[in-house]
Amino acid sequence: MSTEDLAPDAQSLDAVVVGMGFGGMYMLHRARVAGLRVRGYEAGDDVGGTWYWNRYPGARCDVESLEYSYSFSEELQQEWEWTERYPGQAEILSYARYVAERFDLRRDIQFETRVTAARFDEVAGRWDVRTDRGDEVSAQFLIMATGCLSSTNVPDIEGLDRFEGAVYHTGRWPKEGVDFRGQRVGVVGTGSSGIQAIPVIAEEAEELYVFQRTPQFSIPARNAPLDAAEQAAVKADYQGFRARNRQTPGAIGSRLGWNTASVLECDPEEREREFESRWNIGGFTFVGAFGDTSTNPDANKFAADFVRDKIREKVHDPKVAEMLMPKTHIGCKRICLDTNYFETFNRPNVHLVDISEAPMERATPRGLCTNGREYELDCIVFATGYDAMTGSLLRIDIRGRGDQSLGDVWSAGPVTYLGLGIPGFPNLFVIAGPGSPSVLANMIVCVEQHVDWITECVEYLRDHGYRSIEATPEAADQWVAYVNQVAGGTLYPTCNSWYLGANVPGKPRVFMPLPGFPAYVAKCDEVAAKGYEGFVLA
Ligand code: N01
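Everything numeric here is computed off the predicted structure, so don't read it as measured data.

Conventions and cut-offs
- Residues numbered from 1 in each chain as written.
- Predicted model: local features only at pLDDT ≥ 70, side-chain atom pairs only at ≥ 80, totals over all residues.
- Heavy atoms only, no water.
- Axes fitted to C-alpha atoms, helices over the stretch in contact; angles between N-to-C directions.
- Helix = DSSP H or I, 4+ residues; strand = E, 2+ residues; numbered from the N terminus.
- Parallel < 35°, antiparallel > 145°, perpendicular 65-115°, else oblique.
- Left-handed = near helix turned anticlockwise from the far one by under 90°.
- Contact = heavy atoms within 4.5 Å.
- Near = heavy atom within 4 Å.
- Polar contact = N/O pair within 3.5 Å; in protein donor to acceptor, adjacent residues only side chain to side chain.
- Areas by Shrake-Rupley, 256 points an atom, 1.4 Å probe, with all protein chains shown as cover.
- Nonpolar A, V, L, I, M, F, W, Y, C, P; charged D, E, K, R; others polar.
- Disulfide = S-S within 2.5 Å.

**Examining the packing of helix 1 (residues 22–33) against helix 14 (residues 443–463)**
Following both chains from N to C, one finds helix 1 and helix 14 inclined at 30 degrees, their axes separated by 9 Å at the closest point. When the interaxial angle is binned, helix 1 and helix 14 end up roughly parallel. The two elements helix 1 and helix 14 meet at a crossing, and its hand is right-handed. Mapping the contact onto sequence places Phe 22, Gly 23, Tyr 26, Met 27 and Arg 30 in helix 1 and Ile 444, Val 447, Glu 448, Val 451, Asp 452, Ile 454, Thr 455 and Glu 456 in helix 14.

The structure is reproduced here in structure tokens:
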């Protein structure tokens with residue numbers, strides 16, 4: 001669909017929403033219900049965002065199906081039936097498509113169109129938005145739903161362009177899939193994506209070389225078909241279930257319990273029993289075993305050592321087990337959930353290559369060189385993650401007041417107020433932006449909360465005769481300091497993680513997400529109740 005096919009008033013929109021993942025789709029819906037003239041732009045040819053692009057083998061959400069879904073429509077949450085404990089990529093994408101149909105979203109979305117630039121016109125008080133298809137539209141509000149993990153990070157390896165085999169990134173997987181049969185495959189990266197893809201690729205490939213820079217903690221997901229009675233029980237009180245989840249720090253897993261007791265005050269037998277029982281349940285419930293493992297290094301060591309012992313039990317070759325042993329605090333990088341990840345290294349066709357000491361030297365036409373050896377490969381899979389949280393925003397030329405670019409304003413790291421607003425960029429909202437819980441909580445819960453807040457804010461402006469809203473520099477500076485203070489009370493900043501931007505060479509080191517969903521929601525509500533305190537309304 002091009003601009004000409006859309007409604008005649010399309011040049012004077014109330015809002016443009018960039019990105020049609022779960023945040024953008026719900027934003028489009030709410031904006032329409034609020035009576036706004038709104039257009040969504042999406043680079044892909046369908047809705048789904050992350051779940052549209054991440055079609056790699058084994059791709060599956062690490063939040064349970066019954067929780068990783070919209071709550072805004074009682075009818076929707078009752079009629080959609082999940083089939084497994086954790087939803088696979090194909091099922092989540094089907095769900096996103098179903099939502100798009102059910103709420104007739106596609107008529108206001110322009111697909112296969114990437115927004116390339118947005119400039120705030122101070123005289124008109126509107127955003128001029130441009131796309132790679134030549135569209136130029138004007139909107140009062142610009143809402144960025146571009147995702148936290150959308151901008152792929154491919155290592156700059158000398159000679160990669162001369163490699164004669166195929167090169168893939170997990171976050172840009174070909175729609176038609178990849179046939180690894182008879183292939184010598186190299187996977188670079190052992191984060192959540194690599195840990196999910198490696199066991200599946202290993203079953204198909206002739207030889208699989210896993211290039212590991214940092215070993216990671218992983219908990220068994222224990223995925224299984226979803227019990228019909230369990231699904232019905234949740235649906236019998238879905239709103240209550242959602243409300244209880246929203247009270248937990250990550251807005252997930254209320255059923256499995258978040259223990260607040262200290263591991264340090266627990267006797268050894270009880271400690272082991274608690275860890276073991278949660279390990280057997282599988283998933284993030286392990287993180288909730290004790291209240292102090294994410295804040296106290298001594299407490300953390302008990303959980304980390306428990307998992308290290310499990311890795312030793314699973315991996316037959318003690319040398320390989322030692323190479324797979326994570327050395328950081330558990331949970332300071334996003335914990336992975338797996339299905340047979342460590343067991344995969346017992347297969348004769350799987351070879352672990354430690355690149356922690358000797359980085360990848362170069363690529364050749366035949367493969368990858370490291371540790372003074374050339375590994376001959378037919379294809380390379382980069383599971384090397386993302387320029388997280390800021391990458392997809394900064395790839396667009398966004399210019400606010402005085403033509404200042406967001407890239408310049410954020411050169412020392414992102415500065416937002418509540419993760420929602422940016423000083424100097426009036427009427428621009430970010431969904432799940434840096435400074436909000438986003439990736440540290442159930443993403444769908446986070447985006448719903450942001451969309452509801454943004455919609456109510458726009459309605460407030462309209463009802464009170466305001467044309468613009470802009471975060472003050474003071475409020476944003478205080479907010480950044482607050483996020484750092486909260487993160488500083490946890491072990492998160494102790495790892496070289498993408499939360500800190502540490503995975504992308506040259507990226508400023510700033511802890512970007514805010515731990516603690518319930519306190520964040522209370523703050524957002526308070527700001528709104530005080531007439532949008534910390535923002536200037538004009
Ligand atoms: O990316 P990552 P991801 N040379 O950044 C390595 C979500 N997610 O796509 O740790 C060699 O975590 C890097 O090494 P190091 C989830 O929030 C969820 O796996 O930086 N290696 C690391 O091993 C997750 O956290 C799900 O030393 C290089 C890996 O590549 C987030 O997405 C599934 C390298 C990247 O790990 C990102 O996960 C998938 C280099 N130059 C993703 N550069 C589920 O819901 C990077 N690496 C289950």
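The discussion continues.
**Quick look at the site of the ligand**
Surveying the vicinity of the ligand reveals 23 residues, the closest of which are Thr 190, Ser 193, Arg 213, Thr 214 and Lys 333. The contact in question runs from an oxygen atom of the ligand to an N or O atom on the side chain of Thr 214, over 2.4 Å. In the model, an oxygen atom of the ligand is placed 3.0 Å from a nitrogen or oxygen of the Trp 498 side chain. For the ligand, whose free accessible area comes to 910 Å², the fraction covered by protein is 88%. Taken together, the residues of the shell around the ligand break down into nine nonpolar, nine polar and five charged.

**Details of the state of the cysteines**
Two cysteines, two sulfur atoms, one covalent bond between them: this is a disulfide. Tallying each qualifying case throughout the model produces one disulfide. Between Cys 332 and Cys 495 runs a disulfide, and the two sulfur atoms are separated by 1.7 Å. Note that Cys 332 is positioned in the loop between helix 10 (318–323) and strand 11 (336–338) and Cys 495 in the loop between helix 15 (473–488) and helix 16 (517–529), a separation of 163 residues in sequence. Counting only cysteine sulfurs, Cys 446 is the nearest neighbor of Cys 61, a cysteine outside any disulfide, at a range of 12 Å. Not part of a disulfide, Cys 379 finds its nearest cysteine sulfur in Cys 369, a span of 17 Å.

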